[in-house]
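Residue strings, one per chain:
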Amino acid sequence: MWLEILLTSVLGFAIYWFIYRDKEETLPLEDGWWGPGTRSAAREDDSIRPFKVETSDEEIHDLHQRIDKFRFTPPLEDSCFHYGFNSNYLKKVISYWRNGFDWKKQVEILNRYPHFKTKIEGLDIHFIHVKPPQLPAGRTPKPLLMVHGWPGSFYEFYKIIPLLTDPKNHGLSDEHVFEVICPSIPGYGFSEPSSKREFNSVATARIFYKLMLRLGFQEFYIQGGDWGSLICTNMAQLVPSHVKGLHLNMALVLSNLSTLTLLLGRRFGRFLGLTERDVELLYPVKEKVLYSLMRESGYMHIQCTKPDTVGSALNDSPVGLAAYILEKFSTWTSREFRYLEDGGLERKFSLDDLLTNVMLYWTTGTIVSSQRFYKENLGQGWRTQKHERMKVYVPTGFFAFPSELLHAPEKWVRFKYPKLISYSYMVRGGHFAAFKEPELLAHDIRKFLSVLERQ
Amino acid sequence: MWPEILLTSVLGFAIYWFISWDKEETLPLEDGWWGPGTRSAAREDDSIRPFKVETSDEEIHDLHQRIDKFRFTPPLEDSCFHYGFNSNYLKKVISYWRNGFDWKKQVEILNRYPHFKTKIEGLDIHFIHVKPPQLPAGRTPKPLLMVHGWPGSFYEFYKIIPLLTDPKNHGLSDEHVFEVICPSIPGYGFSEASSKKGFNSVATARIFYKLMLRLGFQEFYIQGGDWGSLICTNMAQLVPSHVKGLHLNMALVLSNLSTLTLLLGRRFGRFLGLTERDVELLYPVKEKVLYSLMRESGYMHIQCTKPDTVGSALNDSPVGLAAYILKKFSTWTNTEFRYLEDGGLERKFSLDDLLTNVMLYWTTGTIISSQRFYKENLGQGWRTQKHERMKVYVPTGFSAFPFELLHTPEKWVRFKYPKLISYSYMVRGGHFAALEEPELLAHDIRKFLSVLERQ
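Residues numbered from 1 in each chain as written. Chains lettered and ligands numbered in written order. Predicted model: local features only at pLDDT ≥ 70, side-chain atom pairs only at ≥ 80, totals over all residues. Heavy atoms only, no water.

- Under an unreviewed UniProt entry, chain B has the name Epoxide hydrolase and belongs to Pongo abelii.

- Under the annotation held in an unreviewed UniProt entry, chain A carries the name Epoxide hydrolase and is attributed to Pongo abelii.

Below you can see the structure in the form of structure tokens.
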């Protein structure tokens with residue numbers, strides 16, 4: 001019905017937009033100011049201040065009270081996770097959250113890495129900065145910026161950081177030793193949200209670039225998935241001379257003719273540059289591409305159009321927030337998890353990690369601002385943004401996880417990132433790569449660096 | 001990006017589905033049982049029991065506590081209702097809800113009409129049944145079933161009922177005097193929710209048909225908008241010999257070639273049967289049809305796919321629930337209201353009426369079950385349901401309200417409802433016609449009856 005008119009009515013627009021490509025090579029580096037009210041004439045404070053995550057008995061007590069008052073609705077019989085987060089399983093998660101989960105202990109874990117805040121473009125930007133504990137003499141660590149997405153946070157990188165900063169103690173060679181910077185996207189967790197409209201991925205990219213400069217890095221590597229992938233891509237488009245290498249575990253490279261070729265069927269797949277593995281991951285198109293996307297993009301649709309509406313309930317109900325966020329950790333890890341009564345959540349993640357991530361949204365009250373990012377980036381119309389039509393000219397590495405929401409074959413990635421020098425099919429894993437498969441991701445980042453340095 | 005693959009990938013499917021229509025004339029009347037667990041062998045209790053809406057100090061106290069603990073997120077500067085329900089205005093609504101709104105008084109108002117419950121297909125069905133207070137001698141009232149939609153309720157009809165059951169006391173002739181039955185859709189308000197999957201509009205239509213039989217009516221008239229429109233349409237498809245007349249204020253008749261002709265532009269509109277008024281309401285297509293639908297259908301998309309996920313927060317946060325529901329009362333009454341700081345809500349509705357409607361979802365905890373209806377009806381794929389491809393062969397009347405989400409020209413309505421005998425362009429009003437413009441709607445229902453009786 002309504003979906004149909006949408007589909008047919010924009011056919012003309014879609015084809016036109018699809019094949020129109022910009023010629024430029026860099027995105028213009030503009031400027032912005034996102035704080036509340038009008039900008040003061042005084043020079044902005046650019047100091048880097050240490051920051052500690054804190055909590056209080058009050059905060060925990062309020063959470064417990066709200067959990068105790070939650071009103072459950074029984075799921076439909078035999079519905080597993082097909083209607084969303086099954087409330088029978090939700091009860092178990094909530095029970096642990098209420099009785100077993102120790103937020104004070106988790107806060108200590110969060111504080112194990114040094115946190116900082118610094119003001120850029122009117123916003124207080126939060127980040128962690130982890131240096132290697134040991135280095136061979138005369139070596140400098142490679143600066144690596146890692147950017148999270150939604151509904152994730154800087155916390156997703158906690159398991160992979162040691163593999164990158166301290167490889168020797170984790171069974172890896174010290175050929176590549178990094179110092180890792182993980183910022184929070186403004187409006188997510190401890191980074192101040194924008195007060196102004198139109199705060200999008202390009203603005204974020206510019207702010208993170210300024211952050212790296214402020215930390216003393218003229219050249220650096222960047223890594224990201226989900227929004228992190230787009231933000232890092234934008235950084236590479238804004239200041240390619242500063243980005244030594246770009247590594248992604250997700251790429252939104254669907255806007256080219258190759259995508260249309262999907263419809264021609266798997267037989268033609270080979271002729272059009274798809275490998276056997278690509279074909280496995282993309283066909284049958286109806287199920288793996290079409291239905292999958294339609295089924296999983298409801299949250300995106302509502303966040304692109306009415307973030308404040310759905311967000312207000314989520315910011316008032318911690319259980320509702322947990323259900324909303326954790327559903328993504330289930331389905332985006334493996335779409336088959338919908339068929340399980342418990343959504344397969346604890347197969348890949350510990351409840352402590354999952355709930356810590358949820359707490360970062362809950363205690364900071366940033367769910368609404370995090371959702372507005374969707375509207376600012378995707379709610380302006382299709383392919384209206386300059387960066388969507390521009391290619392990326394820095395050395396790029398890509399990591400294809402099998403359960404990622406939509407598989408991106410090498411051919412498609414190369415279309416947007418012509419300097420793709422490393423493409424790997426991972427044996428397992430889904431959307432939250434850093435969280436779930438830190439060893440595999442670390443291994444691929446290092447592999448990418450090796451290929452890059454050999455050139 | 002993602003919206004693009006969707007669009008292009010299903011082109012073929014869309015056109016095929018669009019133009020295929022079934023030849024059959026009636027929908028098969030099957031049967032169902034939706035209660036919890038397995039059906040018992042005992043004969044179902046089919047008595048009609050009087051019912052009274054009740055509340056308690058406890059209920060009101062719990063509501064107040066939750067309202068007091070709501071955590072507001074400041075809106076972006078100058079965003080009005082473009083990002084959803086503006087939280088500055090939400091504060092005002094909540095303040096009234098907390099301090100001015102008198103739920104006990106509203107419950108008395110609700111109880112002014114007689115309520116009943118009766119078990120059908122395993123579910124306790126709630127309805128109000130209002131008989132005319134006075135009738136000329138020898139006359140029998142015309143039975144009229146009126147069905148609400150989402151996020152509405154039987155309460156939407158409270159202002160129009162007197163105009164239909166007691167026209168003489170409201171300045172109308174007694175040519176048409178009705179007795180009105182307004183049921184609650186199972187899963188909405190006081191009607192028990194289904195425990196089984198698959199409970200859709202056809203099942204609801206069948207249950208309401210059985211309700212009318214149980215009340216002693218072999219023939220009757222039916223009226224509806226939103227889901228009510230679909231349910232009444234299904235009734236007319238299931239048991240056309242029992243439906244004397246069908247009146248709608250909304251019609252989902254987009255699946256025909258005429259719709260594609262929209263793209264040809266307004267010049268051709270006339271040749272294709274569109275009137276000047278139609279052209280006014282439908283063009284420019286990009287803004288009035290395409291963008292409008294994309295912008296307003298996020299809620300539909302998420303409810304069609306993950307109703308339980310978004311619902312759990314809504315059932316835990318009354319303020320969040322109010323924002324979610326009242327947003328619709330703003331934008332679906334007039335899309336231009338997005339540009340207003342207060343969403344134009346109080347221009348057409350009183351806060352008492354709006355909040356009473358919200359309370360019906362809150363006190364019964366039925367938001368999730370109400371949202372599941374979307375998945376059961378629309379989440380099974382496009383045009384996979386038999387009734388979508390079948391026409392309707394009972395005398396039909398249609399009121400076209402100017403601010404309805406999508407205008408449906410007479411030509412399109414007649415395509416699905418070949419026995420359309422009355423089509424009216426209403427001078428004002430939007431989606432919630434019965435609540436917003438009861439006189440106009442009552443007038444058109446009576447006009448439809450006049451035309452019908454003259455035949």
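So that's the structure; there's more coming.
### Observations concerning the UniProt feature "active site" (unreviewed entry) in chain B
Residue and element names in this part refer to chain B.
At step 1: Mapped onto this numbering, the UniProt entry annotates "active site" (unreviewed entry) at Asp226, Tyr374 and His431.
At step 2: Mapped onto the elements of the fold, aspartate 226 is located in the loop between strand E6 (220–224) and helix H8 (227–238).
At step 3: A residue is classified by how much of its surface remains accessible, and aspartate 226, at 11% relative accessible area, is buried.
At step 4: If we skip the residues at most four places from it in the chain, aspartate 226 touches Gly149, Trp150, Met250, Trp332, Tyr374 and His431.
At step 5: In terms of polar contacts, aspartate 226 uses its side chain to reach the backbone amide nitrogen of tryptophan 150, at 2.8 Å.
At step 6: Secondary-structure assignment places histidine 431 in the loop between strand E9 (420–425) and helix H20 (433–436).
At step 7: Looking at histidine 431, the relative accessible area reads 6%, which means it is buried.
At step 8: Apart from residues no more than four positions distant in its own chain, histidine 431 is found in contact with Asp226, Asn249, Met250, Trp332, Phe403 and Glu404.
At step 9: A polar contact is formed between the side chain of histidine 431 and the side chain of aspartate 226, at a distance of 2.8 Å. (UniProt positions renumbered as here; feature names shortened; annotations may be inferred. Helix = DSSP H or I, 4+ residues; strand = E, 2+ residues; numbered from the N terminus. Buried < 20%, exposed > 50% of the residue type's maximum accessible area, 1.4 Å probe, protein only. Contact = heavy atoms within 4.5 Å. Polar contact = N/O pair within 3.5 Å; in protein donor to acceptor, adjacent residues only side chain to side chain.)

### Some words on the sheet that holds strand E5 (residues 178–183) of chain A
Residue and element names in this part refer to chain A.
At step 1: The mixed open sheet is built from nine strands, whose spatial order is E1-E2-E3-E5-E4-E6-E7-E8-E9. The two strands at the open ends of the sheet, each matched to only one other strand, are strand E1 (48–51) and strand E9 (420–425). Strand-to-strand twist across the sheet, computed as the mean angle between neighbouring axes with direction ignored, equals 25°.
At step 2: Bridging between E1 and strand E2 (residues 115–120) involves four bridges; their strand directions are antiparallel. Counted as the bridge partner of isoleucine 48 is threonine 118 from E2. (Pairing = 2+ DSSP bridges. Axes fitted to C-alpha atoms, helices over the stretch in contact; angles between N-to-C directions.)

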